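# Descriptive analysis of the structure
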Amino acid sequence: MLKNVSKILLSGCLGMLVLSGCAMVPPTNVHQPMSARPQPMPEKAAANGGIYKAETARLTLFEDRRARFVGDTLNILIEEKTNATKKSSSSASRTGSASASVPTIFGLPGKTFQGTALDGSSSNTFAGKGDSGSNNLFTGNIAVTVIEVLANGNLLVSGEKQVAIDQGTEYIRFSGIVNPTTINGSNAVSSTKVADARIEYKGTGYIDEAQTMGWLARFFLTVLPF
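Residues numbered from 1 in each chain as written. Predicted model: local features only at pLDDT ≥ 70, side-chain atom pairs only at ≥ 80, totals over all residues. Heavy atoms only, no water.

What follows is about the pairing of strand β4 (residues 168-178). The element β4 is extensively covered by neighbouring structure, given that nine of its eleven residues are classed as buried. Where strand β3 (residues 155-165) and β4 come together, eleven bridges link them in antiparallel fashion. Within the sheet, the bridge partner assigned to Glu-160 lies in β4 and is Arg-173. In this antiparallel pair of consecutive strands, β3 and β4, the connection spans two residues, and Asp-166 shows a positive phi of 55°. Across eight bridges, the pairing between β4 and strand β6 (residues 195-204) is antiparallel. Counterpart to Phe-174 in the pairing with β6 is Ile-199. (Buried < 20%, exposed > 50% of the residue type's maximum accessible area, 1.4 Å probe, protein only. Helix = DSSP H or I, 4+ residues; strand = E, 2+ residues; numbered from the N terminus. Pairing = 2+ DSSP bridges.)

Spelled out as structure tokens, the structure:
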């Protein structure tokens, strides 16, 4: 009986460890899958006495080594830099005045209020200003894989780089659509020339956890009106 209980506890602990390990990988919005295998090569044809055989060659005699097929790799030069500022100001004012008096008329009741003068004035002023600014800089290199060749020849690429440092892991992910004409001779392209680019830089570990607000604090921050 004790052995069965210990086995159940051990399996439960292992399951929790597996689930916790899976949960540590941050979610992603880049195109999936993040890698693809190349298409299988055709069977070798019978030797015809020539050195070059087009049906089995990876590249033709007049092509370079730029990425063009599913499974090819491409180097992305991340050169993202954004700078945005916004300023706004507004003002409004309003003034008003009013006066009234009760004339003196003989023979009417309410003589106490006769001859009384009433004056009133109001003033309302509003002024508001706002400034907003944002600066972002992200540079680096990452190799991605062609996962699909679109009908017009553009390449859908996706890739991930994992860097483990001490007790934390950094994830750099990239995906987007590359026009083959923008790829240079070094088989590289700038991220500013990639359409539908999705760039992610996330991390796991105790440093990342220390920078994350707890779920209870986020709950009260959402529901409290002040």
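A few words now on the pattern of salt bridges. Considering all chains together, one arrives at three salt bridges under this definition. Of the charged contacts in the structure, one is a salt bridge between Glu-200 and Arg-173, with a shortest N-O distance of 3.6 Å. Here the residue Glu-200 occupies a position in strand β6, and Arg-173 occupies one in strand β4, the gap between them amounting to 27 residues. By relative accessible area, which is 8% here, Glu-200 ends up buried. Two residues, Asp-196 and Arg-198, come together in a salt bridge whose shortest N-O distance is 3.8 Å. Among the charged side chains, a network of salt bridges with common partners joins Glu-160, Arg-173 and Glu-200. (Salt bridge = Lys/Arg side-chain N within 4 Å of Asp/Glu carboxyl O.)

Excluding glycine, most residues fall at negative phi; most peptide bonds, likewise, are trans. With an omega of -5°, the peptide bond running from Gln-32 to Pro-33 counts as cis. When you line up the elements, Pro-33 lands in the loop between α1 (2-23) and β1 (73-101).

Okay, the side chain of Ser-175 next. Residue position: Ser-175 is located in strand β4. On the basis of relative accessible area, Ser-175 is assigned to the buried category, the value being 0%. Of the polar contacts made by the side chain of Ser-175, one reaches the side chain of His-31; its length is 2.9 Å. Discounting chain neighbours no more than four positions away, the residues touching Ser-175 are Val-30, His-31, Val-157, Ser-158, Asp-196, Ala-197 and Arg-198. (Polar contact = N/O pair within 3.5 Å; in protein donor to acceptor, adjacent residues only side chain to side chain. Contact = heavy atoms within 4.5 Å.)

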